[in-house]
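A structural walkthrough
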Amino acid sequence: MDTPENINNRRTFAIISHPDAGKTTLTEKFLLFGGAIQTAGAVKSNKIRKSATSDFMEIEKQRGISVATSVMNFEYKDHSVNLLDTPGHKDFAEDTYRTLTAVDSVILVIDCVKGVEEQTEKLMNVCRMRNTPVIIFINKLDREGRNPFELLDELEEKLNIKVRPLSWPISMGSTFKGVYNLYNDSLNLFTPNTKANDEHVINTKDINDPVLDKRLGKYVEQLREDVDLIQGVYDPFDRHTYQSGDVAPVFFGSAINNFGVKELLDTFIDIAPPPGPRETNTREVKPDEPKFTGFVFKIHANLDPKHRDRIAFLRICSGKFERGKFFHHVRLGKELRFNSPATFMAQSKSIIDEAYPGDVIGLYDTGNFKIGDTLTEGEDMTFKGIPRFSPEIFKELINKDPMKSKQLEKGIRQLTDEGVAQLFTQNDGNRKIVGTVGELQFEVIQYRLMNEYGASCSFVPLSVYKACWITAKNPRDLEEFTRYKSSQLAYDKDGNPVYLADSQWMLDQIIQNNPGITFHFLSDSIDEMAV
Ligand code: G4P
């Protein structure tokens, strides 16, 4: 059985950001602190960047963007930290959204020059759906950024969350002096390219400590004014409002200079929640329950191009996972055991014997898993909240080589099981429509179908605006709607009817004219929410 310490000292989280805000850099610095990698400043070098620890797919190397989400585990201050990396490129956003269902909290990186960007808003929508606690790191303070108060206002307004600064910058850009830590009343003086464990921290009594006058000179006045204003405007920091996802603590720093990163990590370890309870379709599962449960949130194929293996990433929710023990695959009603469950550090993996709530492990899969599958010790239940998001771009899949139809069929089914894209069919499966959140996905599919399955395909763009899963209280309403709208109707892989709207205007009309039908923009959710 699991011990409470094993649960309470685990932190499972993701770093998210709009591309270029500094997620990769911050990830690398965290890994340095955790002793998981040794090369500092690796991000600056293109050579190393190409094989950056969190990028491992061939296509990623070619394009230099992170396609896949990898899981990195490290120990820090008696805590076992699981950092789930997420692709920054917006075309792979769905992968990121799903990864967010497997974490207990999130660190959001913002560029102090650019402020809140498009992808930041979308990612925060997903966090808010699940009340995921968020810490915000405002990065690149070594640049002339925007006024910090203005940035905080923008965060509150655009991300629809209350914020509470826990550190405060003293000037910015070329005159950047450092940050004052409001959480533990200390001054952290800025020195560029700080090495791990080498921050210049001076403990102070409070903001009026004379040591600040000595160290900051003319900048101290502004700092005191700012802190005064913060204390007047923002409620004192409260761990509960952070953990309930209502208030996001904010830190300032510079990831590339490894500045403010340690205090971010220290505070994160201290305040971020350990694994909590999770909802299933029958009941709530608590992490300290003795019996093992977990769910698959990501499937990744062919990490090693020489082998055709798939890896299902499983988040453990309760009990203890043990190597070689039989577990119950709820959807298939099958008992399965895993002889080489693995933890990952990008390309390098190690076999583990046991794992605990909050941990993410990789299971070798021969086609048994789909995203969202639940494993238990026998109980029939399914974890909720692993949604499929409504795709934004739709194309018809055309088989270019009739001799390879079987390979194409198998390939597209497996790739969509992995969550690379979503597959909809019409005409009894003969017409295949692929929906994604980004153009690049189609290139990935084409490349992988050819390289992994030997199937050649092309895509024809369709003027579909949105896919909406449809349900109705009265089955007759649904029957009538599907008959009447048959040309715009398709089926997802599980056979659920999906309405393909060609414009927002049309969708509004259809929704208005069909009160008996409910339109869902997430496939497994009653909440109607477009991300
Ligand atoms: P991402 O994963 O969110 O996409 O961002 P990434 O860490 O790759 O950082 C994007 C760019 O921002 C990189 O520069 C990186 O060096 C830079 N950067 C990260 N943190 C800071 C910081 O604190 N201050 C400043 N001034 N820059 C920072 P690049 O030129 O795009 O790439 P590279 O050639 O340095 O690898």
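Summary of the structure given here.

Calculation criteria
- Residues numbered from 1 in each chain as written.
- Predicted model: local features only at pLDDT ≥ 70, side-chain atom pairs only at ≥ 80, totals over all residues.
- Heavy atoms only, no water.
- Helix = DSSP H or I, 4+ residues; strand = E, 2+ residues; numbered from the N terminus.
- Buried < 20%, exposed > 50% of the residue type's maximum accessible area, 1.4 Å probe, protein only.
- Contact = heavy atoms within 4.5 Å.
- Areas by Shrake-Rupley, 256 points an atom, 1.4 Å probe, with all protein chains shown as cover.
- Pairing = 2+ DSSP bridges.
- Axes fitted to C-alpha atoms, helices over the stretch in contact; angles between N-to-C directions.
- Salt bridge = Lys/Arg side-chain N within 4 Å of Asp/Glu carboxyl O.
- Core = buried A, V, L, I, M, F, W, Y, C linked by side-chain atoms within 4.5 Å.
- Domains from an automatic or database assignment.

We now examine the overall build of the chain. Across its full length, the chain holds 15 helices and 31 strands. Looking at the chain as a whole, 56% of its 531 residues are labelled buried. Long-range contacts, defined here as pairs at least 24 residues apart, represent 70% of the contacts in the chain between residues at least 6 apart. Surface exposure of the chain reaches about 22,600 Å², of which carbon and sulfur atoms provide 47%.

Next up on the list: the sheet that holds strand E9 (residues 186–189). Taken together, the four strands give an open sheet; going across it, the order is E7-E8-E9-E10, and neighbouring strands pair in antiparallel fashion. Both edges of this open sheet fall to strand E7 (167–170) and strand E10 (200–203), since each of them pairs with a single strand only. Strand after strand, the sheet turns through a mean of 20 degrees between neighbouring axes, direction not considered. Relative to E10, E9 is paired through four bridges, and the arrangement is antiparallel.

On to the pattern of salt bridges, then. All chains considered together, the criterion is met by 28 salt bridges. Salt-bridge contacts for aspartate 266 lead to lysine 77; the nearest nitrogen and oxygen are separated by 3.2 Å. Here aspartate 266 is found in helix H11 (residues 261–271), whereas its partner lysine 77 is found in the loop between strand E2 (71–76) and strand E3 (79–84), with 189 residues between them in sequence. With a relative accessible area of 22%, aspartate 266 lands in the partly exposed category. Lysine 262 is paired through a salt bridge with aspartate 266; the nearest N and O atoms lie 3.1 Å apart. Residue lysine 262 and its partner aspartate 266 are both found in helix H11; the two are separated by four residues, about one turn of the helix. A cluster of three or more residues bridged by salt bridges with shared partners is formed by Lys77, Lys262 and Asp266.

Relative to the assigned elements, cysteine 127 resides in helix H6 (residues 118–129). Between the C-alpha atoms of cysteine 127 and glycine 245, which are 118 residues apart in sequence, the distance is 8.3 Å. In contact with cysteine 127, not counting residues within four places along its chain, are Ile16, Leu100, Val106, Thr132 and Val134.

Among the nonpolar cores identified, the biggest contains 66 residues, and Leu100, Ile136, Ile138, Leu155 and Leu216 are the most heavily contacted of them. Among the domains, domain 1 (14–70 + 89–271) and domain 2 (278–376) are the pair contributing at least three residues each to this core. For leucine 216, the residues in contact, after removing those within four places along its chain, are Ile170, Lys177, Leu187, Leu189 and Leu223.

The buried fraction of strand E26 (residues 431–436) amounts to five of the six residues, a majority that puts the element mostly inside the structure. Two elements, strand E24 (residues 393–399) and E26, share four bridges in a ladder whose sense is antiparallel. Of the residues in E26, the one forming a bridge with lysine 395 is valine 434. Strand direction decides the pairing type here: strand E25 (residues 422–426) and E26, joined by five bridges, are antiparallel. Among the inter-strand pairings, phenylalanine 424 is bridged to a residue of E26, identified as isoleucine 433. Counting the residues in the hairpin turn of E25 and E26 gives four residues, including asparagine 427, whose phi is positive at 50 degrees.

By themselves, these observations are geometric and do not establish any function.
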